[in-house]
Amino acid sequence: MVRLIDLDVSGASLAARLALGAILGGLAFLVFYYVPANLLGIASNLAGVEIPPQAAGVISSLIEPALPSVGLALAPAIFLCALFRGTKAYGPLTIALSLIFAAYVFLFFHGGAISVAAPVDQLVGGLPMELSLSIRVDMAMLMALFLVPPALGVAKGVLLMMKMD
């Protein structure tokens, strides 16, 4: 038997927790860090052609610069939650994971309004005048809906901490 903080687990159970944590952490790394950090390269590979610089600028503006960093923080938090499930540390880890995910959602939605500026003359080409197109999509309500699960996660973590006392 191996002791994880206040929980005795068998060696097989510990190995399963480590494997599950590694799988979930790896998937979180791919989805929340690797894809946003390499979106242009992935889009180029999927399209089979190099994306023009004008379109690349528009695509790059959709990804908040801090988003991959917050996504990178999700991977170890998910790993630790899988490892320490059922221990005293699980409540605080659940709260931390929920807060990191809430930050990720907030950055993903650009604080509720996604704005994209695109120079029309470069996209269309050959226009005698310089035009700029700015598109703003208000997604505050959708962002609020995506923030409900992290809020419930924080509540779950608080309840777990209260239960362990």
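Cut-off values and rules
Residues numbered from 1 in each chain as written. Predicted model: local features only at pLDDT ≥ 70, side-chain atom pairs only at ≥ 80, totals over all residues. Heavy atoms only, no water. Helix = DSSP H or I, 4+ residues; strand = E, 2+ residues; numbered from the N terminus. Buried < 20%, exposed > 50% of the residue type's maximum accessible area, 1.4 Å probe, protein only. Contact = heavy atoms within 4.5 Å. Areas by Shrake-Rupley, 256 points an atom, 1.4 Å probe, with all protein chains shown as cover. Lys, Arg positive; Asp, Glu negative; His and termini not counted. Charge placed at Lys NZ, Arg CZ, Asp CG, Glu CD. 1 Å grid on protein atoms, 1.4 Å probe; cavity = no way out; pocket = protein on both sides within 12 Å on 5 of 7 lines; lining within 4 Å. Points joined across faces, edges and corners; volume = space filled by probe spheres on them. Expected span 1.5 Å × (residues − 1). Salt bridge = Lys/Arg side-chain N within 4 Å of Asp/Glu carboxyl O. pLDDT = per-residue confidence, 0-100. Core = buried A, V, L, I, M, F, W, Y, C linked by side-chain atoms within 4.5 Å.

### Here we look at the overall build of the protein chain
Counting its secondary structure elements, the protein chain contains eight helices and four strands. Listed N to C, the secondary structure of the protein chain is β-β-α-α-α-α-α-β-α-β-α-α in terms of helices and strands. Seen along its three principal axes, the alpha-carbon backbone of the protein chain occupies a region of about 75 × 35 × 15 Å. Split into buried and exposed, the 165 residues of the protein chain put 30% on the buried side. Within the protein chain, counting contacts between residues at least 6 apart in sequence, those at least 24 apart form 68% of the total. Accessible surface, the protein chain: about 9,900 Å² in total, of which carbon and sulfur atoms supply 72%. The average position of the 7 basic charges and that of the 8 acidic charges among the side chains of the protein chain differ by 22 Å.

### Description of the layout of surface pockets
There is about 190 Å³ of room inside the largest pocket. Forming the walls of the largest pocket are 13 residues, and the residues nearest its centre are Ile78, Thr94, Leu97, Ser98 and Phe101. If you list the elements that add at least two residues to the lining of the largest pocket, you get α4 (67-83), α5 (90-108) and α8 (148-164). Per element, the largest residue contribution to the lining of the largest pocket is five residues, and it comes from α5.

### Things to note about α4
Here α4 is 17 residues long and its end C-alpha atoms lie 25 Å apart, about the 24 Å a rise of 1.5 Å per residue gives. Within α4 the residues assigned to the buried category are Leu67, Pro68, Val70, Gly71, Leu74, Ala75, Ala77, Ile78, Cys81, Ala82 and Leu83. Structurally, α4 contributes buried residues whose contacts are with β1 (2-4), α1 (11-37) and α5.

### So, the pattern of salt bridges
The full count for this structure, using the stated rule, is one salt bridge. Between Asp8 and Arg3 there is a salt bridge, with the nearest N and O atoms lying 3.0 Å from each other.

### Observations concerning the confidence of the model for the protein chain
For the protein chain, per-residue confidence averages 88 on the pLDDT scale, and 90% of positions sit at 70 or higher. The secondary structure element of the protein chain with the lowest average pLDDT is helix α6 (residues 120-124), at 56, and the one with the highest is α5, at 97.

### Topic: the nonpolar core
Within the largest apolar cluster, 20 residues are counted, with the highest numbers of intra-cluster contacts made by Leu97 and Tyr104. Put simply, the parts of the chain that give this core at least two residues each are α1, α4 and α5. The element best represented in this core is α4, accounting for eight residues. Among all residues touching Tyr104, those that are not within four sequence positions of it are Val31, Phe32, Pro36, Leu67, Val70, Gly71 and Leu74.

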